[in-house]
Amino acid sequence: MKTWNKRTKAVHAGTRRSQYNEVSEAIYLTQGFVYDTAEDAEARFIKAGDDEFIYARYGNPTVAMFEDRIAALEGTEDGFATASGMAAVNGALASMLRAGDHVVSARALFGSCLYILEEVLTRYGVEVTFVDGTDLAAWKAAIRPDTKAVFFESISNPTLEVIDIKSVSDLAHAVDATVIVDNVFATPVFSDALVQGADVVVYSATKHIDGQGRALGGVILGSKEFIRGTVEPYLKHTGGAMSPFNAWIMLKGLETMELRVRAQTDTALKLATALQADGALQQVIYPGLPDHPQHALTVAQIGAGGTVLAIDAGSQAAAFKLLNALEIVTISNNLGDAKSIATHPATTTHQRLSEEVKAMLGITPGLIRLSVGLEDPGDLLADLRAAVAAM
Ligand SMILES: *Cc1c(COP(=O)(O)O)cnc(C)c1O
């Protein structure tokens, strides 16, 4: 399996077959497992083998298939699946940090990630320094000899800043800090985060892994020592486990993820290029466009611009007019979905932030995040052009 390419791993890695030798992965909807004898139960609680399970909060065969498949894809030794992307972000950070520890984080984060770093960790005595993630000098100044972890989204939500995984990892590793990357926007298809220096990679599986807007999920990927020694004890006792049914959805999602993500990325580039050339919007932000500030880094680190772009309509009123005129693109707040989705971050996902912080992060009143789906690219462009004209 080690020699398989990502597309083959995405279809086959981690498969466990029951005595019936089913083709499609089975859903083991069970909370627990029977032991033949009291001695077996005792032995399993002392140390469960690779294919031995105790309780679904600790692990489950369908969940284990998903964990093994996504770990194989990402190239990490192990993974722990979680109930949501946020359970993964919280689990990765909270399991390894304690009072008195220091963390450096990029400031441009998904609202809930920012909440964990700014509100939750600090409440338990963790010191967090926020930096402009695109500024290497700022990382260098903030990382201290006692820094335990650095955290960032490799492509930030929603302003699509791209952070240099290798350079930040080099700075962090010089002081033995753990590099935790929320890699949702880069997707497992384009990710090479581990090779570039990340120690731990976190995904919201709700996004491209499901890719069809059905279920919540997340995963923490890293070394066996980190996943089984640090993450698992925390998660199995605090209850952030993924449900077996959702793990099955994610397994089936992984099988088609590469085809979906590449098609969505191709369309995103087409739309960004055309909307920018039309010149009717104040700004089109897409890492795959040559004028993006980190375009060269994007090409080197990810190889493509991803499935999400952002457009600035100039004002909230114009943004709302544009959104309300869309016929194919739906107004919602998921991303990576087969359906194209538009979000107004300033009034929804990032509403909680103060006006100053929004301004600092580039979340302007006119900003719309556009997650590009699997519809016909020509139909999507026509829909967007009509909405821009209505604005
Ligand atoms: C959506 C998202 C999350 C949270 O994932 P959920 O599955 O919604 O909990 C975390 N980080 C990023 C970058 C996201 O886009």
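Once a new chain begins, its residue numbering starts again from 1 and follows that chain's sequence as written. Where totals are concerned, whole chains, interfaces and linings use all residues; where local detail is concerned, this predicted model gives features only for residues with pLDDT of at least 70, and gives and counts side-chain atom pairs only at 80 or more. Side-chain figures throughout are based on the complete set of non-hydrogen atoms in the structure, without hydrogens or water.

(A) Layout of the overall build of the protein. Put simply, DSSP H or I for four residues or longer makes a helix, DSSP E for two residues or longer makes a strand, and each gets a number counted from the N terminus. A count of helical and extended segments in the protein gives 15 helices and 12 strands. For 391 residues, the compact-globule estimate of 2.2 N^0.38 gives 21 Å, and the protein sits close to it at 21 Å. Taking all 391 residues of the protein together, 55% fall into the buried category. A contact between two residues is defined here by any heavy atoms of the two lying within 4.5 Å. For the protein, the proportion of contacts with a sequence separation of at least 24, taken over those separated by at least 6, is 73%. Mean positive and mean negative side-chain charge positions of the protein (32 and 46 charges, respectively) differ by 2 Å. As defined in this context, the radius of gyration uses C-alpha atoms, and a globule is described by 2.2 Å times the residue total to the power 0.38. A 1.4 Å probe rolled over the protein chains alone gives each residue an accessible area, and that area as a share of the maximum for its type sets the label: buried under 20%, exposed over 50%, partly exposed in between. For this count, His and the chain ends are skipped, Lys and Arg are scored as positive, and Asp and Glu as negative. Throughout, a charge is located at the NZ atom of Lys, the CZ atom of Arg, the CG atom of Asp or the CD atom of Glu.

(B) Main features of the nonpolar core. The biggest cluster of nonpolar side chains holds 55 residues, and the ones touching the most others in it are Phe 66, Ile 70, Trp 139, Val 150, Phe 152 and Ile 209. With seven residues, the single largest contributor to this core is helix H11 (residues 244–278). With near-sequence residues (within four places) excluded, Phe 152 lies in contact with Ala 106, Leu 109, Trp 139, Ile 163, Ile 165, Val 168, Val 179, Ile 180, Val 181 and Asp 182. Ala 88, Leu 97, Val 103 and Leu 361 belong to the second-largest nonpolar core, a separate cluster that totals 33 residues. In this description, a nonpolar core means a group of buried Ala, Val, Leu, Ile, Met, Phe, Trp, Tyr and Cys residues linked to one another through side-chain atoms lying within 4.5 Å.

(C) Here's a closer look at the pattern of salt bridges. By convention in these notes, a salt bridge is any Lys or Arg side-chain nitrogen within 4 Å of a carboxyl oxygen on Asp or Glu. Inspection of the entire model under this criterion finds 20 salt bridges. With its nearest N and O atoms 3.2 Å apart, the salt bridge here joins Asp 78 to Lys 224. Of this pair, Asp 78 sits in strand E1 (residues 78–82) while Lys 224 sits in helix H10 (residues 224–238); the two residues are 146 residues apart in sequence, bridging distant segments of the chain. What makes Asp 78 buried here is its relative accessible area of 5%. In this structure, Arg 107 engages Glu 118 in a salt bridge whose closest nitrogen and oxygen atoms are separated by 3.8 Å.

(D) Spatial organisation of unusual backbone geometry. Cis geometry marks the peptide bond from Asn 157 to Pro 158, where omega comes out at 5°. Mapped onto the secondary structure, Pro 158 falls in the loop between strand E4 (147–153) and helix H7 (165–173). One non-glycine residue with positive phi stands out, namely Asn 21, at about 55°. In this structure, Asn 21 sits in the loop between helix H1 (6–12) and helix H2 (38–46). Overall, the relative accessible area of 57% leaves Asn 21 in the exposed class. The phi torsion at Thr 187 lies on the positive side, around 65°, for a residue other than glycine.

(E) Examining the site of the ligand more closely. The nearness test applies per residue and asks whether one of its heavy atoms lies within 4 Å of the molecule or strand. Around the ligand, 15 residues are found, and the nearest of them are Gly 85, Asp 182, Ser 204, Thr 206 and Lys 207. We define a polar contact as two N or O atoms separated by no more than 3.5 Å, with the added condition that, inside protein, one atom must be a possible hydrogen donor and the other a possible acceptor, whereas residues neighbouring each other in sequence contribute only through side-chain atom pairs. One nitrogen or oxygen atom from the main chain of Gly 85 is found 2.8 Å from an oxygen atom belonging to the ligand. Contacts to the ligand include Lys 207, whose side-chain N or O atom sits 2.8 Å from an oxygen atom. Classes in brief: Ala, Val, Leu, Ile, Met, Phe, Trp, Tyr, Cys and Pro nonpolar; Asp, Glu, Lys and Arg charged; the others, Gly included, polar. Grouping the constituent residues of the shell around the ligand by class yields six nonpolar, six polar and three charged.

(F) Main features of H7. Every buried residue belonging to H7 is among Ile 165, Val 168, Ser 169 and Ala 172, and all of these are buried. Taken down its axis, H7 places every buried residue within 100° of arc, on the same side. Those residues of H7 hidden inside the fold are in contact with helix H6 (136–142), E4, strand E5 (178–182), helix H9 (193–196) and helix H12 (295–301). Sitting at the head of H7, Asp 164 places a side-chain oxygen 3.3 Å from the backbone nitrogen of Lys 166. Note: the arc covers the axis-to-C-beta directions of the helix.

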